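# Close look at the chain arrangement
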Amino acid sequence: MQIGKRKKHQWLDDFRSIKNIDDFFQFFSKERLSKIALYLLIIWSVIPLFLMILSIFLDRSSAFSFMFNSGRLTIIWYMLMQQIGYLGIIMTVIIILSSLRNKSKNKIPTKIYVFEHKVELFLLLFLLWSLISSLFSSDQALSFLGTDYRKDGWLSYLSYSGFFGLGYLLFKEKDIIRLLRVLGTVASILGVLLIVNMESINEIFTFYHKSTVFYNPNHMGYYLVISILSLTYLSIRKPKIDIDKVICYILFSILVVALIENGSFGPYIAVSMGLLFLMIMTFVLKKNKMIHSISITILFIGISVIMNFESSFLSNETNHLSEGIDDIIEDKEDADRAGSGRWGLWTNGIEFMLDKPVTGYGIENLENAYLEVDIIQDRPHNEFIQIAATTGIVGFIIYSCAIGFHFLDFLNLRKNITYEQIGIFMIVFGYLVSSFFGNSMFYTTPFFMMILGLSKSMISNQKVLM
């Protein structure tokens, strides 16, 4: 307690002593901002538990109580997302100003500076372009605020950029590990409750079927992709088996079981591709670490095979996928229903992109377009097509450049790359595969953005050390 009070007083004394711009940037140092960013991201990661606890005290006397309680919890989650995201923006602006100041002091050429920050600049450009797209949309209110269900309008996009900034501010390995441990632990608690799936427990915590605190099994699946691959990172980073590594393997196993029980095939494919990415990158860049990648992959396959004997989940989904691909190749009437109807959503989404190639339909403005082709949906269930249809080909190219340059930076470090960097990029890659089958949401996208920021931070710090 005394140490905490001394730190608090030291912060206040340092703040009061700010007299000029040098003092300001010294007070808001990268180290201090990084610590605040860690706390904010930990808070974000434990919000599902907070909502569960809060749900216990809500009224359940009415037949409509579940719906009302869910609405209350949604508002709280959304408000917390906004507040954390906007705090992240403020901190990101400070670190940008500090970076520009260092550029000027050290006389770094603008061309070099821009090249080193091209990923951040393309993400900023995408944010600005999506703003222009929203201003030209047919329903600006919808574009800025989002729907009541998804809450994924431009203001949420703005918050997501704050989460990227918070992830970018983390540069100490121990802080990254602490964050991912919290994320993995919270996800494991949700995973156990999903597996148990008792109606009485679901009622108490306002859980949806196979979704826990999320509204849809697919959304829970997106969350599980990031959580499982985060635990993969924690599992493989240690060269020797100890209690910490064993716990990570146990939590990993719980979440894989939960993923299969969840029943969303897209996220399952995403985890599989994430592990495949890990295997390939390890084989190419870090052959001496192959045993770790192989062991966690074998565990994943083993659990999948055992679970398939009981539920036939993989067999059924693989058959459906194969039948859908055959329908598409043979151009059958049922082709649009392939992939749980995704093929029809994708092909029409691409048509929407071609209809408005410059600014697109605007964020969250696809529902009417889908209704005109007799499809009752508001999203293409593919984030890349979603971006292309809502922000146009221009927005799609900008976003793709940001992601593409990020992975090029990763590959350019191959001679000096660390196993930990491969692990973080595995999480990014896995989510991107998941996004090929899914939607952005106000309570799942921030998790991806913070991991994307983490991976960018790792690349930037590695370049400084080279």
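Here the structure is shown first, and the text comes after it.
Attention in this report is confined to the structure presented alongside it. Just so you know, these numbers come straight off a predicted model, no measurement behind them.

Parameters and conventions
- Residues numbered from 1 in each chain as written.
- Predicted model: local features only at pLDDT ≥ 70, side-chain atom pairs only at ≥ 80, totals over all residues.
- Heavy atoms only, no water.
- Salt bridge = Lys/Arg side-chain N within 4 Å of Asp/Glu carboxyl O.
- Helix = DSSP H or I, 4+ residues; strand = E, 2+ residues; numbered from the N terminus.
- Buried < 20%, exposed > 50% of the residue type's maximum accessible area, 1.4 Å probe, protein only.
- Polar contact = N/O pair within 3.5 Å; in protein donor to acceptor, adjacent residues only side chain to side chain.
- Contact = heavy atoms within 4.5 Å.
- Core = buried A, V, L, I, M, F, W, Y, C linked by side-chain atoms within 4.5 Å.
- Expected span 1.5 Å × (residues − 1).
- Axes fitted to C-alpha atoms, helices over the stretch in contact; angles between N-to-C directions.
- Left-handed = near helix turned anticlockwise from the far one by under 90°.
- Nonpolar A, V, L, I, M, F, W, Y, C, P; charged D, E, K, R; others polar.
- Parallel < 35°, antiparallel > 145°, perpendicular 65-115°, else oblique.
- Phe/Tyr/Trp six-rings, centres within 6.5 Å; stacked < 30°, edge-to-face > 60°.
- Lys NZ or Arg CZ within 6 Å of the ring centre and 35° of its normal.

A complete count under the given rule lists nine salt bridges for this structure. When the shortest N-O distance is used, the salt bridge between Arg-237 and Glu-173 registers 3.7 Å. Taken together, the residues Arg-237 in the loop between helix 11 (217-236) and helix 12 (243-262) and Glu-173 in helix 9 (residues 173-196) connect sequence positions 64 residues apart. Its relative accessible area of 19% is what places Arg-237 among the buried residues. When salt bridges that share partners are traced, they join Lys-118, Glu-120, Asp-409 and Lys-456 into one network.

Mapped onto the fold, Ser-455 is located in helix 20 (residues 445-465). Look at Ser-455 and you get buried, because its relative accessible area is 0%. At 2.7 Å, the side chain of Ser-455 and the side chain of His-406 are in polar contact. Those residues within four positions of Ser-455 in sequence are excluded, and the remaining contacts are His-406, Ile-424, Phe-425 and Val-428.

Let us now look at the nonpolar core. With 128 residues, the main nonpolar core has Trp-77, Tyr-223, Tyr-233 and Phe-448 as its most contacted residues. The leading source of residues in this core is helix 11, at 12 residues.

This next bit is on helix 12. Given 3.6 residues per helical turn, the α-helix brings residues three or four places apart onto the same face. A rise of 1.5 Å per residue sets the reference length of helix 12, with its 20 residues, at 28 Å; its end C-alpha atoms lie 28 Å apart and thus fit the reference within 8%. Positive backbone phi, approximately 85 degrees, marks Gly-263, located one or two places after helix 12.

At their nearest, the axes of helix 12 and helix 14 (residues 290-311) sit 10 Å apart, and the two run at 35 degrees to each other. When you trace helix 12 past helix 14, the crossing you get is right-handed. Across from Lys-245, Tyr-249, Phe-252, Ser-253, Val-256, Val-257, Ile-260 and Glu-261 in helix 12, the residues of helix 14 making contact are His-292, Ser-295, Ile-296, Leu-299, Phe-300, Ile-303, Ser-304, Met-307 and Ser-311. Residues that form the contact of helix 12 with helix 14 fall into these classes: 10 nonpolar, five polar and two charged.

For the rest of this paragraph, the subject is unusual backbone geometry. At Thr-206, a residue that is not glycine, the phi angle is positive and equals roughly 55 degrees. Locating Thr-206 in the fold gives a position in the loop between helix 10 (199-204) and helix 11.

Another aspect to go through is the packing of helix 6 (residues 118-135) against helix 8 (residues 154-169). Each pair of packed helices gets described by two things: the angle between the helix axes and the distance between those axes. One way to put it is that helix 6 packs onto helix 8 with a least axis distance of 10 Å and a crossing angle of 170 degrees. The orientation of helix 6 relative to helix 8 falls into the category roughly antiparallel. Along the contact surface, helix 6 presents Glu-120, Leu-123, Phe-126, Leu-127, Ser-130, Leu-131 and Ser-134, while helix 8 presents Trp-154, Tyr-157, Leu-158, Ser-161, Phe-164 and Tyr-168. The residue inventory of the contact of helix 6 with helix 8, partitioned by class, reads nine nonpolar, three polar and one charged.

A word on the packing of aromatic side chains. By the definition in use, this model includes 38 aromatic pairs. With 6.4 Å between their ring centres and 25 degrees between their planes, Phe-126 and Tyr-157 make a pair best called stacked. Of the two residues, Phe-126 is situated in helix 6 and Tyr-157 in helix 8; the sequence distance between them amounts to 31 residues. Arranged with centres 6.3 Å apart and planes meeting at 55 degrees, the rings of Phe-384 and Tyr-399 form a pair that is tilted. The class for Phe-384 is partly exposed, based on a relative accessible area of 22%. The cationic tip of Lys-151 hangs over the ring face of Tyr-78; the distance from NZ or CZ to the ring centre is 5.5 Å. Taking NZ or CZ as reference, Lys-356 lies 4.5 Å from the ring centre of Tyr-361, over its face.

Turning next to the environment of Asn-308. Inspection of the secondary structure assignment puts Asn-308 in helix 14. According to the relative accessible area criterion, Asn-308 is buried, its value standing at 17%. Here Asn-308 is in contact with Phe-313, Leu-314 and Ser-315, once residues within four sequence places are set aside.

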